[in-house]
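# Notes for the structure review
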Amino acid sequence: MSDSFPRQYARTQRFTLGEPRNVTVSPDGKRIVFLRSSAGDDPVNALWVMDVDTGAERLVADPRALLGLDDPAGDDIRDEVTDEERARRERTRDGSTGITAYATDAKCQVAAFALNGALFAAGLLSGQARPIHVQGPVHDPRPDPTATRLAYVSGRTLRIGELDGSSRLLAGDDPKDSDAVSWGGADFIAAEEMHRFRGFWWSPDGQTIAACRVDDGPVSEWTIADPADPNRPARTVRYPAAGTDNPIVTLHLLGLDGSRRMVDWDREFFPYLAHVDWTEDGLLMSVQSRDQRGSMAMKVDLGTGEAIALTSDYDDAWIENVPGVPRLLPGGALLTASDRDGMRRLYVDDRPVTPNDLQVRSVAAVADFDDSDDPTIVFLANDPDEPTELHVWSTTPSTDPEADGSRPGRFTERVGVHSIAVGGTTCVVRSLVPDTPGATHTVLVDRVVDGPTITSHAQLPSIAPNLTLIKAGDRDIATAVLFPTGHDPDDDTKLPVLLDPYGGPHAQRVTASHNAHLSSQWFADQGFVVVVADGRGTPGRGAEWERAVRNDLMNPPLDDQIDALHDTATRFAAVDLDRVAIRGWSFGGYLAALAVLKRPDVFHAAIAGAPVTEWRLYDTHYTERYLGDPNGTGPEEGAVVYDANSLLPLAADLTRPLLLIHGLADDNVVAAHTLRLSSALLAAGRAHEVLPLVGVTHMTPQEVVAENILVHQLDFLSRSLGLDLEASGS
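Residues numbered from 1 in each chain as written. Predicted model: local features only at pLDDT ≥ 70, side-chain atom pairs only at ≥ 80, totals over all residues. Heavy atoms only, no water.

## A look at the overall build of the chain
- Scanning the chain from terminus to terminus reveals 13 helices and 44 strands.
- Taken against the 2.2 N^0.38 rule, which gives 27 Å for 730 residues, the C-alpha radius of gyration of the chain at 25 Å falls within 12% of a compact globule.
- Dimensions of the chain, computed from C-alpha atoms along their principal axes, come out at roughly 70 × 60 × 55 Å.
- For the chain, the residues scored as buried account for 58% of the 730 residues in total. (Helix = DSSP H or I, 4+ residues; strand = E, 2+ residues; numbered from the N terminus. Rg over C-alpha atoms; globule rule 2.2 N^0.38 Å. Buried < 20%, exposed > 50% of the residue type's maximum accessible area, 1.4 Å probe, protein only.)

Encoded structure:
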């Protein structure tokens, strides 16, 4: 008997296992390096290399063989990871194991990675991998650009490892440092909110490392316990909640000859170190003010350590950190991105090089495709009128500031969500499209689709979305409408409705891709019309759209969910507005709980998973970007704003069924959010349900838990809406 969809969805980690990932193309375009597990239900990633000329794929490093294991489930690998690796996986929402990350030298001939805290190196030309027995535990090992030696994080220290197995301490030996000081890693805010997952960078000649020193001493200590096991010691984490102290992050130049120099910038005004990039053209960094309205790109004087400002930016709301920039182009011109004139554009030395009708999302590469003096910038962007799509674009702006700019060219044409990896004149395009399950990885040689396709072992889902994408309401809200499999959208038989949003900043749920809608389709197949809407605050629609939630994370997102629901009802007669439920996770959980608390006239039941219920409990960088400083005293800041966005004061207004779900090991949205809302509801005499998840973090990777959460939610919806539903076998 085949698995049910919830079991398959959980076992395959949302159909991501077996898919190629972490793709790197060598600078000469000859090799493609990637991670992939052996099957769609195997969580253990191995390291692979593809030869571009022949299309042959070679297994370079099998973690089970390297560790002498023969465990198909890979549990031994998962259980023995270091605390640093476990934290990295949580920040990157990575539920896999085995080789989950690697780094290469400049020519992409050697790769380094850690397994169970041990160091391994692989020759990408020879196809051989071996352990290097250095002092550990080892985290985030990175070869120097010349492949002569490696650097790695070990606990709170940064160490240098030689290929013969000897190693030495580079930083972390100061007796004046407390246990809260660490070297070479990314602090919580950098990894969780700024997507800077690393904390050290090699110089191009391999003689110096720029390394972060993180002092978590000022950060509040929070305790995360396991109530199901009283004998297990509680875990203490440093969590910088809104309005409280952040860690002190400084950048240092550490020479292999023993020299040390701290990089000097106005850290008091610009405490956030958002980005570091060290190339032949110099050491570049970008910093951000605490209120995130100001940022500065700076080049470091390697002789003095002084960070010299190259450009600055200011926004009345906030500056968005755009992946891939700032960076120095060959020759020294500065590439940046900024939200000006209502749209996010790329700038070279403050001169716009992308048009005002493209929303730039990230920069993927700077390439030399045509042997010209002007490098080609490869970036991801979308038409703001089509936010459900994401395409690969390129532009070759002249370094002559008087030259006329030309419109960028688009690499990808097929409707979908695309990304790219580039090396030399070889590209690998990853594509997600509406009518095909999973992702395809297509190799382009000289930008022509004549190369091989990287094999995927991802499982095919047992269901397919019955999907209609619409633009709903006066604001053209991107909305996905899903009906039961085989159901004709024109059928007017009334069906209950389930809204299934995220609905907040930084994430989209409505995309022109197949697998993005699978869990929603499963609920549709149980007898619902499922409506998924990306309202104001979600990315892809320009500055005004994103900034509509400034100081108000409640009303614009909730109003847009309601508008999308009502417009859907005018288009499809099957929508039954007398039976409407909503479910969501994280910000979506906040939105779901808000919906029944504030608009019980529209919503009749809600499932709130890992909801943020009180923004004072969430982290500084995210929360203060949208709501400002909770300690502010002005009429439109501080307690007034935070109280207006909290769910706790609304507890007495609950009149509809509400299910709260929360992982007790969550260190991102801590369980206190749900517990405080539950306490407020109980104090107000409002009945509700709470489902605590023992040992579960924010991403719920456990197979049985992930499966049964879906089934439990269906049972709750059935009871709450008076339906006769039972999970189907699909």
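## Quick look at a negative patch on the surface
- Taken together, D264, D266, E268 and E306 make up a surface patch of like negative charges.
- Examined against the element boundaries, D266 turns out to sit in the loop between β20 (260-262) and β21 (272-279).
- Using a relative accessible area of 44% as the deciding quantity, one classes D266 as partly exposed. (Patch = residues over 30% accessible without salt bridge, like charges linked within 9 Å, V, L, I, M, F, W, Y side chains within 5 Å. Areas by Shrake-Rupley, 256 points an atom, 1.4 Å probe, with all protein chains shown as cover. Salt bridge = Lys/Arg side-chain N within 4 Å of Asp/Glu carboxyl O. Lys, Arg positive; Asp, Glu negative; His and termini not counted. Charge placed at Lys NZ, Arg CZ, Asp CG, Glu CD.)

## With respect to the packing of aromatic side chains
- Inspection of the entire model under this criterion finds 19 aromatic pairs.
- Ring centres of F269 and F270 lie 4.9 Å apart, and the angle between their planes is 85°; this geometry places the pair in the edge-to-face category.
- Through a chain of ring-to-ring contacts, three or more aromatic side chains come together here, namely W318, Y502, F587, Y590, W615, Y618, Y622 and Y626.
- If you follow R547 out to its NZ or CZ, it ends over the ring of W318, 4.9 Å from the centre. (Phe/Tyr/Trp six-rings, centres within 6.5 Å; stacked < 30°, edge-to-face > 60°. Lys NZ or Arg CZ within 6 Å of the ring centre and 35° of its normal.)

## Digging into the sheet that holds β21
- Strand order in this open sheet of four strands is β21-β22-β23-β24, and the pairing throughout is antiparallel. In this open sheet, the two strands that pair with only one neighbour each are β21 and β24 (307-314). Geometrically, the sheet is characterised by an average inter-axis angle of 20° between neighbouring strands, direction not taken into account.
- Taken together, the five bridges between strand β22 (residues 282-288) and strand β23 (residues 294-300) define a ladder with antiparallel strand orientation. Considered in β23, the bridge of S286 is made with A297. (Pairing = 2+ DSSP bridges. Axes fitted to C-alpha atoms, helices over the stretch in contact; angles between N-to-C directions.)

## Re the packing of helix α8 (residues 555-571) against helix α9 (residues 587-598)
- Put simply, α8 and α9 touch, their axes get as near as 10 Å, and they point 75° apart. As judged from the angle between their axes, α8 and α9 are roughly perpendicular. Residues N555, P557, L558 and Q561 of α8 touch α9, and the partners they reach there are F587, L591, L594, A595 and K598. (Parallel < 35°, antiparallel > 145°, perpendicular 65-115°, else oblique. Contact = heavy atoms within 4.5 Å.)

## Points about the confidence of the model for the chain
- Model confidence for the chain is summarised by a mean pLDDT of 94, while 97% of its residues fall at 70 or above.
- Note on residues 72-76: pLDDT is under 50 here. Beyond four places in sequence and across chains, it has 11 contacts. (pLDDT = per-residue confidence, 0-100.)

## Overview of the sheet that holds strand β39 (residues 495-499)
- The mixed open sheet is built from eight strands, whose spatial order is β37-β38-β40-β39-β41-β42-β43-β44. Strands with a single pairing partner mark the edges of an open sheet, and in this sheet they are β37 (467-472) and β44 (689-693). Each adjacent strand pair in this sheet contributes to an overall mean axis angle of 20°, direction not counted.
- The sheet contacts of helix α6 (residues 518-525) involve β38 (477-482), β39, β40 (529-534) and β41 (575-585), and relative to β40 the element is tilted by about 150°.

## Things to note about the nonpolar core
- Within the largest apolar cluster, 72 residues are counted, with the highest numbers of intra-cluster contacts made by F603, W615 and L658.
- It is α9 that contributes the most residues to this core, nine residues altogether.
- Sequence-distant contacts of W615, defined by excluding residues within four places in its chain, comprise A242, L553, F587, Y590, Y622, T623, L627, Y642 and N645.
- Core analysis: the second largest hydrophobic core is formed by 30 residues, F5, L482, F523 and L659 among them. (Core = buried A, V, L, I, M, F, W, Y, C linked by side-chain atoms within 4.5 Å.)

## Some remarks on the environment of P271
- Turning to its location among the elements, P271 is positioned in the loop between β20 and β21.
- The class of P271 is buried, set by a relative accessible area of 19%.
- In the structure, P271 is positioned 18 residues away from S289 in sequence and 6.0 Å away in space, judged by C-alpha atoms.

## With respect to the environment of L467
- Within the secondary structure layout, L467 lies in strand β37.
- Overall, the relative accessible area of 24% leaves L467 in the partly exposed class.
- In this view, L467 contacts A480, V481, L482 and H517; residues no more than four positions away in its chain are not counted.

## A look at unusual backbone geometry
- In this structure, P137 follows G136 across a cis peptide bond, with omega equal to 5°.
- Position of P137 among the secondary structure elements: in the loop between β9 (128-132) and β10 (139-143).
- Cis geometry is found at the peptide bond from V325 to P326, where omega equals 5°.
- Its location among the elements puts P326 in the loop between β24 and β25 (327-328).
- In the Ramachandran plot, D341 falls in the positive-phi region, its phi being about 55° despite a non-glycine side chain.
- Its place among the elements puts D341 in the loop between β26 (334-340) and β27 (343-348).

## Some details on helix α13 (residues 703-721)
- Along its 19 residues, α13 runs 28 Å from first to last C-alpha, staying within 8% of the 27 Å computed at 1.5 Å per residue.
- Inspection of α13 places A706, E707, I709, L710, Q713, L714, F716, L717, S718 and L721 among the buried residues, and these make up the whole buried set. (Expected span 1.5 Å × (residues − 1).)

## Observations regarding the pattern of salt bridges
- Enumeration according to the criterion identifies 46 salt bridges in this entry.
- A salt bridge links R64 to D42, with the nearest nitrogen and oxygen atoms 2.9 Å apart. Of the two residues, R64 sits in helix α2 (residues 63-66) while D42 sits in the loop between β2 (31-37) and β3 (44-51), which places them 22 residues apart along the sequence.
- Using a relative accessible area of 15% as the deciding quantity, one classes R64 as buried.
- For D42, a relative accessible area of 5% puts it in the buried group.
- Between K471 and E386 there is a salt bridge; the shortest N-O distance is 3.4 Å.

## Some remarks on the side chain of E19
- Locating E19 in the fold gives a position in the loop between α1 (5-11) and β1 (21-25).
- A polar atom in the side chain of E19 sits 2.8 Å from the side chain of R430.
- Residue contacts for E19: discarding those within four places in its chain leaves L35, R36, R430, A439, H441, S456 and A458. (Polar contact = N/O pair within 3.5 Å; in protein donor to acceptor, adjacent residues only side chain to side chain.)

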